[in-house]
There are 2 protein chains.
Amino acid sequence: MIARLAVIGVGLIGGSLARALRAADQVQDIIGCGRSLDNLLLARELGVIDAYTHDPATAVRDADLVFIASPLGAMREIFSQIKDVLRPETVITDGGSVKGSVVADAQAVFGHVPPNFVPGHPIAGTERSGVAASFPELFRNRRVILTPLAETDAQALARVTALWQAAGAEVSVMSVAHHDEVLAATSHLPHMLAFGLVDLLAQMQNNAEVFRYAAGGFRDFTRIASSNPVMWRDICLANRHALSDMLACFSHEMTELAATIRNGDGEHLLDIFTRAKAARDRFIDGAH
Amino acid sequence: MIARLAVIGVGLIGGSLARALRAADQVQDIIGCGRSLDNLLLARELGVIDAYTHDPATAVRDADLVFIASPLGAMREIFSQIKDVLRPETVITDGGSVKGSVVADAQAVFGHVPPNFVPGHPIAGTERSGVAASFPELFRNRRVILTPLAETDAQALARVTALWQAAGAEVSVMSVAHHDEVLAATSHLPHMLAFGLVDLLAQMQNNAEVFRYAAGGFRDFTRIASSNPVMWRDICLANRHALSDMLACFSHEMTELAATIRNGDGEHLLDIFTRAKAARDRFIDGAH
Ligand SMILES: NC(=O)c1ccc[n+]([C@@H]2O[C@H](COP(=O)([O-])OP(=O)(O)OC[C@H]3O[C@@H](n4cnc5c(N)ncnc54)[C@H](OP(=O)(O)O)[C@@H]3O)[C@@H](O)[C@H]2O)c1
Ligand SMILES: NC(=O)c1ccc[n+]([C@@H]2O[C@H](COP(=O)([O-])OP(=O)(O)OC[C@H]3O[C@@H](n4cnc5c(N)ncnc54)[C@H](OP(=O)(O)O)[C@@H]3O)[C@@H](O)[C@H]2O)c1
């Protein structure tokens, strides 16, 4: 049981974890922290949090567990604001989509990565934002990746693992670098393709017509281009190196595909599409 | 009322149009044509067709309307097979995803594009194939593009228009070249990105793990990579030029995006993502 949970950034992710823990009867008091008063008032009205503050230091002072679910670009400043008031026994975790940058931010602010800080990332989300979009089932049967360091306290890791399990998630552990590479491939690159495609089409001369003839497949394909632009700017900046590498690999793949199409090599095209369909059917549909 | 409809290629598209016309009471007899006996037997069992043949010439002999819904690569051969038995008053239309190649095939076989041939393309589909995947509502409230030529008979055009409207679709008319450019952007390019991404990830060393951490957004994004590989090979070959042009534009967009990420230009990233999100929200969600 968590006596006092502080959620810094009461949006889709922070709000959903608060709701899930409350629904699972795992928490007594929840204090929410954010910048906009409207979002915090709504969070209290919805019963997601019990109290609120705009000041991270106030939020964490008496907390036994802190969940930071702000955009990645705000992490370092939040660490600075809580540094001096954080009790040594308080466990901290976060939900940021990139882990290397968050660990570097902690290192820069604290001079070392605090043993009670367990970096984490729930592999769950929607393209909507804010506490209004949050719901307690978001993490049910979804994966959460924790990326503890050598110096991370085993009890803190166990506590954060139990927390996510109480929210219905399946917890995996991997290294920071590996996390950032895997997510560059499965999440960050696809978002770049969706944003890039929609942007390209929007720039076409007859763009209203172009979108008019976009069918159902296009709708699904581009759904992720409706995601929060600030969050994605931060993810790109935070995972710059792994994402650049993946973009380069993908460009290479596309250059080859374009040449295959231009040369009219039907056999090779059939190979590629057959392989891709098999992989997609096997891995994705087999996974659920 | 159509006294006798011939459907050549009784798959998702051909089967769904047959079902829709039957449901709308627009057709008396439907004869199906294809290569595999199993699919034709299933089509008859499901009530999608009344009779079947493996021979396109037999199928069209007494038909007053012919719908060709085979993969694009089979069109030219089918035209050759029906050329000598087709009655001059029979109206022909097709559902192929590229129009320039079908028109070129007709030109090559008949020596001219028959006035009673109305090239068409329903902007509707799923990633499934065969008559088992067909359903009568597939075209309801979806668009169908017809690309008549100067020599196309006005009555044939009117008849094909009425046919699709009876199936619940909204019919638009545009030029062959314009159709192939618009579809390269909204359909063919996105399919290449989805196939390419899944293929790239499947080639990664730790591919089982990579797919394990793919979340809901990835599932939607790559759904179209489960589409029929033969159909997509044919589309690529048939729309080679417009698709190569779109791939080149997209590569240019991605090269710029990669540079923006590598340079850490957050402001520019925010601009791109904000513009893309606005376009996606406006055009796609506003369209329904
Ligand atoms: N959405 C997803 O699919 C997803 C999935 C997994 C992980 N994540 C990660 O989870 C985190 C939150 O994402 P989200 O989707 O929940 O975004 P969100 O719905 O926009 O929520 C973020 C919250 O953080 C608050 N915030 C922003 N700047 C802050 C600051 N300086 N101090 C305190 N609070 C601040 C915002 O409120 P104010 O603007 O009022 O401050 C907002 O309520 C991000 O790090 C993201 O990478 C997202
Ligand atoms: N799926 C979509 O999303 C979509 C959307 C719009 C337009 N289209 C177009 O519609 C057409 C059909 O696509 P579909 O999705 O309906 O594919 P499908 O479900 O695979 O159906 C195609 C049918 O054509 C038959 N066929 C193949 N070769 C043939 C030949 N040489 N002679 C006669 N029949 C032949 C196949 O049966 P056998 O193998 O037994 O011969 C099969 O039943 C394609 O031109 C495609 O470009 C597809």
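Residues numbered from 1 in each chain as written. Chains lettered and ligands numbered in written order. Predicted model: local features only at pLDDT ≥ 70, side-chain atom pairs only at ≥ 80, totals over all residues. Heavy atoms only, no water.

(A) A look at the domain arrangement of chain A. Residues and elements named next belong to chain A. Parsing chain A into structural domains produces domain 1 (2-176) and domain 2 (178-286). Here the C-alpha centroids of domain 1 and domain 2 sit 30 Å apart. Summed over both sides, the interface between domain 1 and domain 2 buries roughly 1,200 Å², with carbon and sulfur atoms accounting for 64% of that surface. Along the contact surface separating domain 1 from domain 2 lie 0 salt bridges. At the boundary of domain 1 with domain 2, the tally comes to 10 residue pairs in polar contact (both at pLDDT 80 or more). The set of elements that each furnish at least two residues to the side of domain 1 that touches domain 2 consists of helix H5 (100-110) and strand E7 (120-123). Split by residue class, the side of domain 1 that touches domain 2 holds 7 nonpolar, 8 polar and 2 charged. (Domains from an automatic or database assignment. Buried area = accessible area lost by both parts, 1.4 Å probe. Salt bridge = Lys/Arg side-chain N within 4 Å of Asp/Glu carboxyl O. Polar contact = N/O pair within 3.5 Å; in protein donor to acceptor, adjacent residues only side chain to side chain. Helix = DSSP H or I, 4+ residues; strand = E, 2+ residues; numbered from the N terminus. Nonpolar A, V, L, I, M, F, W, Y, C, P; charged D, E, K, R; others polar.)

(B) Local environment of the site of ligand 1. All names here are of chain A. Near ligand 1 you find 28 residues, and of these Arg35, Ser36, Ser70, Ser97 and Gly130 are the closest. Within the side chain of Ser97, one N or O atom sits 2.7 Å away from an oxygen atom of ligand 1. Between ligand 1 and Asn228 there is a distance of 3.5 Å, counted from an oxygen atom to a side-chain nitrogen or oxygen. Alone, ligand 1 offers 880 Å² of accessible surface; in the complex the protein occludes 87% of this. Elements that contribute at least two residues to the shell around ligand 1 include exactly helix H1 (12-23) and E7. Partitioned by chemical class, the residues of the shell around ligand 1 number 12 nonpolar, 15 polar and 1 charged. (Near = heavy atom within 4 Å. Areas by Shrake-Rupley, 256 points an atom, 1.4 Å probe, with all protein chains shown as cover.)

(C) Local environment of the relation of the copies chain B and chain A. Overlaying chain B on chain A yields an RMSD of 0.0 Å, the required transformation being a rotation through 180° with an accompanying axial translation of 0.0 Å. One copy is carried onto the other by what is essentially a two-fold rotation axis. Residue Phe221(B), judged by its C-alpha, is the member of chain B lying nearest the rotation axis, at 2.1 Å. In this assembly, 100% of the residues forming the interface of chain B have copies in chain A that are likewise at the interface, indicating an isologous arrangement. (Least-squares fit on C-alpha atoms with pLDDT ≥ 70 in both. Contact = heavy atoms within 4.5 Å.)

(D) Up close: the site of ligand 2. All names here are of chain B. Close contacts around ligand 2 come from 28 residues, with Arg35, Ser36, Ser70, Ser97 and Gly130 the closest. Measuring from an oxygen atom of ligand 2, one finds a backbone N or O atom of Ser36 at 2.7 Å. Here an oxygen atom of ligand 2 and a backbone polar atom of Gly130 are 2.7 Å apart. About the coverage of ligand 2: the protein hides 88% of its 870 Å² of free accessible area. Looking at the shell around ligand 2, the elements with two or more residues in it are helix H1 (12-23) and strand E7 (120-123).

(E) Here's a closer look at the interface of chain B and chain A. In this assembly, 85 residues from chain B lie in contact with 85 residues from chain A. Taken together, the two surfaces of chain B and chain A that pack against each other cover about 7,700 Å², and 70% of this comes from carbon and sulfur. Here chain B and chain A share 4 salt bridges between them. Across the salt bridge formed by Arg223(A) and Asp220(B), the nearest N and O atoms sit 2.9 Å from each other. Linking chain B to chain A there are 20 residue pairs in polar contact (both at pLDDT 80 or more). Per-element tally for the side of chain B that touches chain A: the top contributor is helix H7 (residues 176-203) of chain B, with 18 residues. Across the side of chain B that touches chain A, the residue classes break down as 49 nonpolar, 18 polar and 18 charged.

(F) Structural context of helix H10 (residues 229-238) of chain A. Every buried residue of H10(A) is listed here: Pro229(A), Trp232(A), Asp234(A), Ile235(A) and Cys236(A). Sitting at the head of H10(A), Asn228(A) places a side-chain oxygen 3.0 Å from the backbone nitrogen of Val230(A). (Buried < 20%, exposed > 50% of the residue type's maximum accessible area, 1.4 Å probe, protein only.)

(G) Inspection of the pairing of strand E1 (residues 2-8) of chain A at higher detail. Residue and element names in this part refer to chain A. With respect to burial, E1 is a largely interior element, 5 of its 7 residues being buried. Of the strand pairs in this sheet, E1 and strand E2 (residues 27-33) are connected by 6 bridges, and their pairing is parallel. Of the residues in E2, the one forming a bridge with Val7 is Gly32. Assessed by its sense of winding, the connection that carries the chain from E1 through H1 to E2 is right-handed. Bridge analysis of E1 against strand E4 (residues 65-68) gives 4 bridges, and the strand direction is parallel. Pairing of Val7 across the sheet is with Phe67, part of E4. (Pairing = 2+ DSSP bridges. Right-handed = clockwise from strand over helix to strand, strands pointing away.)

(H) A look at the nonpolar core. Counting 122 residues, the largest nonpolar core has Phe79(A), Met192(A), Phe79(B) and Met192(B) as its most contacted members. When residues no more than four places from it in sequence are discounted, the contact partners of Phe79(A) are Ile68(A), Val102(A), Asp105(A), Ala106(A), Val109(A), Phe110(A) and Phe117(A). (Core = buried A, V, L, I, M, F, W, Y, C linked by side-chain atoms within 4.5 Å.)

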